[in-house]
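Observations on chain architecture
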Amino acid sequence: MQPGTLSTFLKRGAIWGFIVLELIFFTVAGEFLSVSDKAFMDVDNMLLLFKQSAPIGIIAMGMTIVMINGNIDLSVGATYALCAIVLLDSMTWPMFAGLGDWVIPVSWLLALATGVALGALNGLIVWKTGVDAFIVTLGSMLGYRGLVFMYNGEQPTSHLNWTLVDFAEAQFLGLHTPTWFLLGVTVAIWFLMNRTVHGRNAYAIGNNREAAVNAGIRVGPHMMINFMIIGCLAALSAVVFYSESGSVNPNDGELYELWVITAVVLGGTKLTGGAGSIISTFGGVVAIQLLRKGLAHIGADTSTVNLVIGLILIAVLFLDRQLNVKGKEELKV
Amino acid sequence: MTEQIPVLRLEGIVKTFPGVRALDGVSLSIMPGEVHALMGENGAGKSTLMKVLGGIHQPDEGRIIIEEQPVVMAGPLDAKAKGIVFIHQELSLADELSVAENIYLGELPRKRFGLVDWAELEAKTNGILEKLKVGFDAKTRVGDLSIANQQMVEIARALTVDAKAVIFDEPTASLTDAEKTVLFEVIADLKAQGVGIAYISHRMEEIFRITDRISVLRDGQYQGTVNTGDTDEEGVTHMMIGRKLDLSRNESHHELGNVALEVRGLSCGDLYRDVSFELRRGEVVGFYGLVGAGRTEIAETLFGLRDPSAGTILLDGEEVRIHSPHDAIERGISLVPEDRKAQGLVLGMNCRDNMTLPQVDDLKAGPFVADGAEIAIFDQYRDKLDIRTPGWKQLVGNLSGGNQQKIVIGKWLSMHPNVLIVDEPTRGIDVGSKAEIHNLIRDLAAQGYAVIVISSEMPEVLHVSDRIVAMYSGRIMRTFTSEEVTEENLIAAISGLETQKVA
């Protein structure tokens, strides 16, 4: 066996092993502890799990590419809320009154455009000022959230369009609409990162920015494109979720950035950039949702769920570190 | 000479890793007051031997003996406590702290309540610094020191214990010639105090300048020890690689083509001034000078990493402005940078992706990367440059230095550059691969490439260049043809001893 193969395998497969472990644990524990008499591994329950994963999952795909690129985006939660407001509010604007249900695609596009614009702003600042993305998006996280509150004060923004609700609640081939979006985004981003020049360059920039510059790669535009993509995906996530719910509170999407980063890191993407996998991020998203659902299934409350996920995240990173150290030792031989 | 006991003796050290016998019965003894060179190609086992000595690895067989006492090294701190001190190639200093704090890091003298005794710290530090005859004091911030002086701080740190043996690992890698001289004086002082010194270096001239005996490792096996006075470069090289290395003067001559690059009156602030030269196709121009003479900065300007403050650059007779590496690459200027790991390679990517990095965009098929075309390019240049790797999927970080350098060179050759600039082509590369890289550069010139080689190693410059540009303190002092250059006049030119000749 090649040196490092075992640890590489463990690293790549770790998240899926973790998911299997969760499934076994909750199935068994559910037999004794569950408040309901339904089995945990029920098909409907699993389909629901994918649907519920979608809002975090869609953004996590964007976060993966931003982090591979060597940046981070903390403003996604606020972007999500702002795009949700644009989506719901624009459907009530008088200028679109004559459109009937054709207002739906118009509002969707408006929401997505808002997300792209907010992301572009982040990207542009990071590119042109050279300030660390962590600081820039920390600022924009506060700023964008400020815009959310300016829009409607503490009041929720609501609009229910039943055609939209029907669409959002539909099931095609058994999977819910949000699940399809999550899968679609995953595939698209996978292609972007693995099959396109942009993806290749994004990895190179994250891994060694100086070498990338010396290879003639224009670092700034690539970073900006990635921020626009994550902005767009935060908006898409809002579109998918609020098409169904129809009401957005100004606090919605708070802490989303942290859940998203948790999922991405759990999937093995490095905070330092240059390494990461879209498929593993998908695993990370599913693992977190599984944990939330599973703990609820055996009767734990939300605070316990947060505590457990926090502990698991640290444990996983510790394990990852151990594996990496071991891998390096083996390579030196 | 009276019978002396070695300060440090290794007996039949064996260390195996899965699949590799890294050290195979290595024996070595270092006498008090001698400078003992340890040589060998990269991968010969020098680093492993040092790690065994420092207690990072435990030997499978054999003994470490300090002054006739067999010892077990538990780790670097234990080694230091036993009087074996390492001066590593990479510095491990805290830039923001003072010299004194760095030297006594972890062992700061204390007063009551655990407060630091600054007065004593300063006195002790200055005592050591005086012995080293350095030009800075205990309170200087380490970040403000030159690399050479930072190394002195490392050495000072080593001298806080009663060192029996000091092991220098490639200490001169980033030093200028003047700084080297100071280092060698310090080594001579240590030697006079009866300290045993092990000196690891690839640089022959240093080895012959300062060492008393030379021990050679090859493929983990001890090849023998010779008195430095009884051998020469060829002899040592022969022991290291089992064959002879050709480092003669470049005497190949072929027809030169048209002028590919012309630089007129180029200046960049204080870094270099009024630099003019031309480079023809089929020609290798070597830039030689001390570190800080402005050679790398000229390369960086040509590659678009620095904007010049004055002067013009002409490519094929046409004036160009280059503001970024992107511009430079579009115009066919390529740079193999000084520090290939930091500036040239994406270590976390595979060999193929590294080689095609600048041209993925040109190769793409529709919106997607063209895997097949990229593999074809990789295969072509792997064969052409004889890059030894199991396959294109191998991470470039796992290759040896020589093969990594060939990947960087291949990266640019595959784009058929008009001008290829190679900064320190063989830094940190073992002797065997060095010769290959030198031959490669000569071959490229014969094929009609215009090549600039920047090097701090005189034999290298003499060996590969058709013409040599000697720089001193940001200025071109003189340009030599390979017929007129001698080691003496070259050294005179780069030390500023010779004033600029009339052009």
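This structure is a prediction, so every number in the text was calculated from the model and none was measured.

1. Here we look at the overall build of chain B
Assigned secondary structure in chain B consists of 18 helices and 20 strands. A globule of 503 residues ought to have a C-alpha radius of gyration of about 23 Å, and chain B, at 25 Å, matches this closely. A principal-axis box enclosing the C-alpha atoms of chain B has dimensions of 70 × 50 × 50 Å. Looking at chain B as a whole, 44% of its 503 residues are labelled buried. Sequence-distant contacts in chain B: of pairs separated by 6 or more residues, those separated by 24 or more amount to 66%.

2. Some thoughts on the sheet that holds strand β20 (residues 475-481) of chain B
All names here are of chain B. The 6 strands lie next to each other as β16-β17-β18-β13-β19-β20, forming an open sheet whose pairing is mixed. With one partner strand each, in any of the chains shown, β16 (333-336) and β20 form the two edges of the open sheet. Averaged over all neighbouring strand pairs, the angle between strand axes comes to 20 degrees, with direction disregarded. Packed onto the sheet, helix α18 (residues 487-494) meets β13 (284-289), β19 (467-472) and β20 and runs at close to 35 degrees relative to β19.

3. A short note on the packing of helix α2 (residues 43-68) of chain A against helix α7 (residues 177-195) of chain A
Residue and element names in this part refer to chain A. Where α2 meets α7, the closest approach of the two axes is 8 Å, and the angle between their N-to-C directions is 20 degrees. In terms of orientation, α2 lies roughly parallel with respect to α7. At the point where α2 passes α7, the crossing takes the left-handed sense. Seen from α2, the contacting residues are Phe-50, Lys-51, Ser-53, Ala-54, Gly-57, Ile-58, Met-61 and Ile-65; seen from α7, they are Pro-178, Thr-179, Phe-181, Leu-182, Val-185, Thr-186, Ile-189 and Met-193. For the contact of α2 with α7, the per-class residue count stands at 11 nonpolar, 4 polar and 1 charged.

4. Focus: the pairing of strand β10 (residues 221-227) of chain B
Residues and elements named next belong to chain B. In terms of strand pairing, strand β9 (residues 213-218) meets β10 through 6 bridges, oriented antiparallel. Note that in β10 the partner of Arg-213 across the bridge is Asn-227. The turn linking β9 back onto β10 is made up of 2 residues, and Asp-219 within it adopts a positive phi angle of 50 degrees.

5. Overview of the interface of chain B and chain A
The interface is formed by 26 residues belonging to chain B together with 20 residues belonging to chain A. Contributing elements (two or more residues each) for the side of chain B that touches chain A: α10 (325-330), α11 (340-344) and α13 (360-363) of chain B. Its residues assigned to classes, the side of chain B that touches chain A comprises 18 nonpolar, 5 polar and 3 charged.

6. Re helix α3 (residues 76-90) of chain A
Every α-helix carries 3.6 residues per turn, so stepping three or four residues along brings you back to the same face. Here α3 of chain A contains 15 residues, and its C-alpha end-to-end distance of 21 Å stays within 8% of the 21 Å for a straight helix at 1.5 Å per residue. Of all 15 residues in α3 of chain A, 13 are buried, a share of seventy percent or more.

7. What to know about the pairing of β9 of chain B
All names here are of chain B. Counting buried residues along β9, 5 of its 6 residues qualify, which places the element largely inside the surrounding structure. With 4 bridges joining them, strand β3 (residues 35-39) and β9 adopt parallel strand pairing. By the bridge assignment, Leu-38 is partnered in β9 with Ser-215.

8. Observations regarding the domain arrangement of chain B
Residues and elements named next belong to chain B. Once the domains are mapped, chain B shows domain 1 (8-241) and domain 2 (246-332 + 419-503). Of note, the centres of domain 1 and domain 2, computed from C-alpha atoms alone, are 34 Å apart. No other element matches helix α8 (residues 233-241), which puts 3 residues into the side of domain 1 that touches domain 2. Each residue belonging to the side of domain 1 that touches domain 2 can be placed in one class, and the counts come to 2 nonpolar, 3 polar and 2 charged.

9. Observations concerning the confidence of the model for chain A
Residues with a pLDDT of 70 or more make up 92% of chain A, whose mean pLDDT is 88. Between residues 327-333 of chain A, whose pLDDT stays under 50, and residues either more than four places distant or in other chains, the model counts 11 contacts.

10. Focus: the confidence of the model for chain B
Summing up the model confidence of chain B, the mean pLDDT is 86 and the portion of residues at 70 or higher is 94%. Both scores are available for the predicted complex, with the pTM at 0.77 and the ipTM at 0.82.

11. Overview of the packing of α3 of chain A against helix α4 (residues 103-129) of chain A
Residues and elements named next belong to chain A. Following both chains from N to C, one finds α3 and α4 inclined at 155 degrees, their axes separated by 8 Å at the closest point. Of the possible angle classes, the one that applies to α3 and α4 is roughly antiparallel. Handedness of the crossing formed by α3 with α4: right-handed. When α3 is examined against α4, the residues Thr-79, Leu-82, Cys-83, Val-86, Leu-87 and Ser-90 are found in contact with a partner set consisting of Ser-107, Trp-108, Leu-110, Ala-111, Thr-114, Gly-115 and Leu-118. Along the lines of polarity and charge, the residues of the contact of α3 with α4 split into 8 nonpolar, 5 polar and no charged.

12. Looking at the sheet that holds strand β7 (residues 165-169) of chain B
Residues and elements named next belong to chain B. The mixed open sheet is built from 6 strands, whose spatial order is β6-β7-β8-β3-β9-β10. With partners counted over all chains shown, the strands left at the sheet margins are β6 (84-87) and β10, one partner each. The sheet shows a mean angle of 20 degrees between the axes of neighbouring strands, direction not considered. Against the sheet, helix α6 (residues 177-192) contacts β3, β7 and β8 (196-200), and its axis sits at roughly 145 degrees relative to β8. Contacts from α8 reach β3, β9 and β10, with the element oriented near 30 degrees to β9.

Conventions used here
Residues numbered from 1 in each chain as written. Chains lettered and ligands numbered in written order. Predicted model: local features only at pLDDT ≥ 70, side-chain atom pairs only at ≥ 80, totals over all residues. Helix = DSSP H or I, 4+ residues; strand = E, 2+ residues; numbered from the N terminus. Rg over C-alpha atoms; globule rule 2.2 N^0.38 Å. Buried ≥ 20, exposed ≤ 12 C-beta atoms within 10 Å, placed from the backbone. Contact = placed C-beta atoms within 7 Å. Pairing = 2+ DSSP bridges. Axes fitted to C-alpha atoms, helices over the stretch in contact; angles between N-to-C directions. Parallel < 35°, antiparallel > 145°, perpendicular 65-115°, else oblique. Left-handed = near helix turned anticlockwise from the far one by under 90°. Nonpolar A, V, L, I, M, F, W, Y, C, P; charged D, E, K, R; others polar. Expected span 1.5 Å × (residues − 1). Domains from an automatic or database assignment. pLDDT = per-residue confidence, 0-100.

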